[in-house]
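Understanding the architecture of this molecule
So the chains spell out like this:
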2 protein chains.
Amino acid sequence: MNRKLIIPDIVVGRLPRYLQALQRLQKRAVQTTSSKELGDILGISAAQIRKDLSQFGEFGKQGTGYSVPFLIDRLEDILKLKHDWDIALVGVGDLGHAIIRYQGFSNRGFCVSMAFDNDPEKIGTSINGLIVENIQNMPARIQEAQVKIAMLTVPAAFAQQVAEDLVKAGVTAILNYAPLVLSLPKHVQVEYIDPIISLQHMTYYLE
Amino acid sequence: MNRKLIIPDIVVGRLPRYLQALQRLQKRAVQTTSSKELGDILGISAAQIRKDLSQFGEFGKQGTGYSVPFLIDRLEDILKLKHDWDIALVGVGDLGHAIIRYQGFSNRGFCVSMAFDNDPEKIGTSINGLIVENIQNMPARIQEAQVKIAMLTVPAAFAQQVAEDLVKAGVTAILNYAPLVLSLPKHVQVEYIDPIISLQHMTYYLE
DNA sequence: CCCTGTGAACCAATTCACAGCT
DNA sequence: AGCTGTGAATTGGTTCACAGGG
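Cut-offs and rules
- Residues numbered from 1 in each chain as written.
- Chains lettered and ligands numbered in written order.
- Predicted model: local features only at pLDDT ≥ 70, side-chain atom pairs only at ≥ 80, totals over all residues.
- Heavy atoms only, no water.
- Buried < 20%, exposed > 50% of the residue type's maximum accessible area, 1.4 Å probe, protein only.
- Helix = DSSP H or I, 4+ residues; strand = E, 2+ residues; numbered from the N terminus.
- Phe/Tyr/Trp six-rings, centres within 6.5 Å; stacked < 30°, edge-to-face > 60°.
- Lys NZ or Arg CZ within 6 Å of the ring centre and 35° of its normal.
- Contact = heavy atoms within 4.5 Å.
- Buried area = accessible area lost by both parts, 1.4 Å probe.
- Salt bridge = Lys/Arg side-chain N within 4 Å of Asp/Glu carboxyl O.
- Polar contact = N/O pair within 3.5 Å; in protein donor to acceptor, adjacent residues only side chain to side chain.
- Arc of directions from axis to C-beta.

1. Some details on helix H8 (residues 195–203) of chain A
The periodicity of an α-helix, 3.6 residues per turn, causes residues three or four places apart in sequence to face the same way. Among the nine residues in H8 of chain A, nine count as buried, and that is most of the element. Looking at H8 of chain A, one finds that the buried residues are Pro195, Ile196, Ile197, Ser198, Leu199, Gln200, His201, Met202 and Thr203 of chain A.

Next comes the structure, spelled out in structure tokens:
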């Protein structure tokens, strides 16, 4: 085993997919799998899956493959998903609303535990039992609860400012739904979700 | 100029970001930009932007940089965004609902023009003027309207089957929000949006 | 002097292919 | 025989650095 000092980010980015596939196998009560099977499920080569996993340890058995529960355990450990992460959501528009109501976070390591908006009509209302709070209280609330992850679903014009406020309050990971690239200190992790970017990528290949 | 026969997908994937940055500059009435300025906005090296753009032609002027309107025009042409693309949305849950109500598609090349669901409670209702149709009519409606792009916001258990139905009806690009990898003919473009995958990527780096 | 476009150099990622264990 | 883990080979992507035009 050759545990590398620093794992390429592109490898880290594939681990959640591996975990997803494994959890689906587990739901079907599959006990053992192989790099070949995982690769077929995910459209990735078996060699790549083996190489990726080997960066973190020797998780498989020659001749047999990988134990599904064991590999899930290892990946949850590597990705720090052994306990749920609290998430602060900022911007309770249609999208923020839909995210709060989404039921799929809890069994995959996350819990949307705070929501903020600046609209007096929304502040104080309850969505799925979560009370929308005044965005003015956001820094204090995030700091006191030590929340490290935020989802940003505010209009583009406010995203950079709100992101900076989040970072000041102690957030170090932001999932940004606003259609712009944020400029933040490099210790802050940022991921982007923009359906139009994804669609425009595909239109290149159409017709 | 060395127009390559085949452009790497990773380059194509960056073009929408360039377009996004340029459109923001245009809103501020900026007439001219440089690879340096674009790179600063997007967190990408200037050399990479120049190399990417040079794959498609010589769009800049030495000493001056790039004309913002001209480069927008070229990118819209390359990405086939000169006319709006109709999109069929399948699965009108909270997320589908939020997508239909989202106002940002029209000025970036897309129009959600059909929505389907299998819930009798939802079929016939109107969201932002769009009538939710019975999913049983989906293949016929998509075929007749020649819709090529679909957004898939159904529960994971149905996603693979619905995706296959979409492809049979003529869809060749799918933006999949269901948390699994689809298995489809390779002429079909698929992009994935799964916030939990994005979050799990970031948690690796936390603490 | 400013900035593009681009070979060349460098660095990164993927695939190959096989030793070695079950 | 089946499958992992891994060096070596290969392929792909990014950065460098500079010629050349404005």
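Back to the text.
2. So, the packing of aromatic side chains
In the structure shown here, the tally under the stated rule is eight aromatic pairs over all chains. Geometrically, the ring pair formed by Phe56 of chain A and Tyr204 of chain B is edge-to-face, given 6.3 Å between the ring centres and 85° between the ring planes. Of this pair, Phe56 of chain A sits in the loop between helix H3 (46–54) and strand S2 (60–61) while Tyr204 of chain B sits in the segment after helix H9 (195–203), on two different chains. No difference in accessibility class separates Phe56 of chain A from Tyr204 of chain B, as the two residues are buried. For the pair Tyr204 of chain B and Tyr205 of chain B, a centre-to-centre distance of 4.9 Å together with 90° between the ring planes defines the contact as edge-to-face. The class of Tyr204 of chain B is buried, set by a relative accessible area of 18%. Grouped by ring-pair contacts, the aromatic residues Phe56 of chain A together with Tyr204 and Tyr205 of chain B constitute a single cluster. Seen from the ring of Tyr204 of chain B, Lys80 of chain A lies directly overhead, with NZ or CZ sitting 5.5 Å from the centre.

3. Remarks on the interface of chain B and chain A
Across the contact, 58 residues belong to chain B and 58 residues belong to chain A. Taken together, both faces of the contact between chain B and chain A bury some 5,700 Å²; the carbon and sulfur share is 65%. In this structure, the salt-bridge partner of Asp194 of chain B is Arg108 of chain A, at a minimum N-O distance of 3.2 Å. If you look at where chain B meets chain A, you find 22 residue pairs in polar contact (both at pLDDT 80 or more).

4. Details of helix H5 (residues 68–78) of chain B
All names here are of chain B. Buried within H5 are the following residues: Val68, Leu71, Ile72, Leu75 and Ile78. With its buried residues spanning 130° around the axis, H5 presents them on a single face. The elements touched by buried residues of H5 are helix H2 (15–27), strand S1 (32–33), helix H3 (35–42), helix H4 (46–54) and strand S3 (65–67). Between the side-chain oxygen at the start of H5 and the backbone nitrogen of Phe70 there is a gap of 3.2 Å, and the oxygen is on Ser67.

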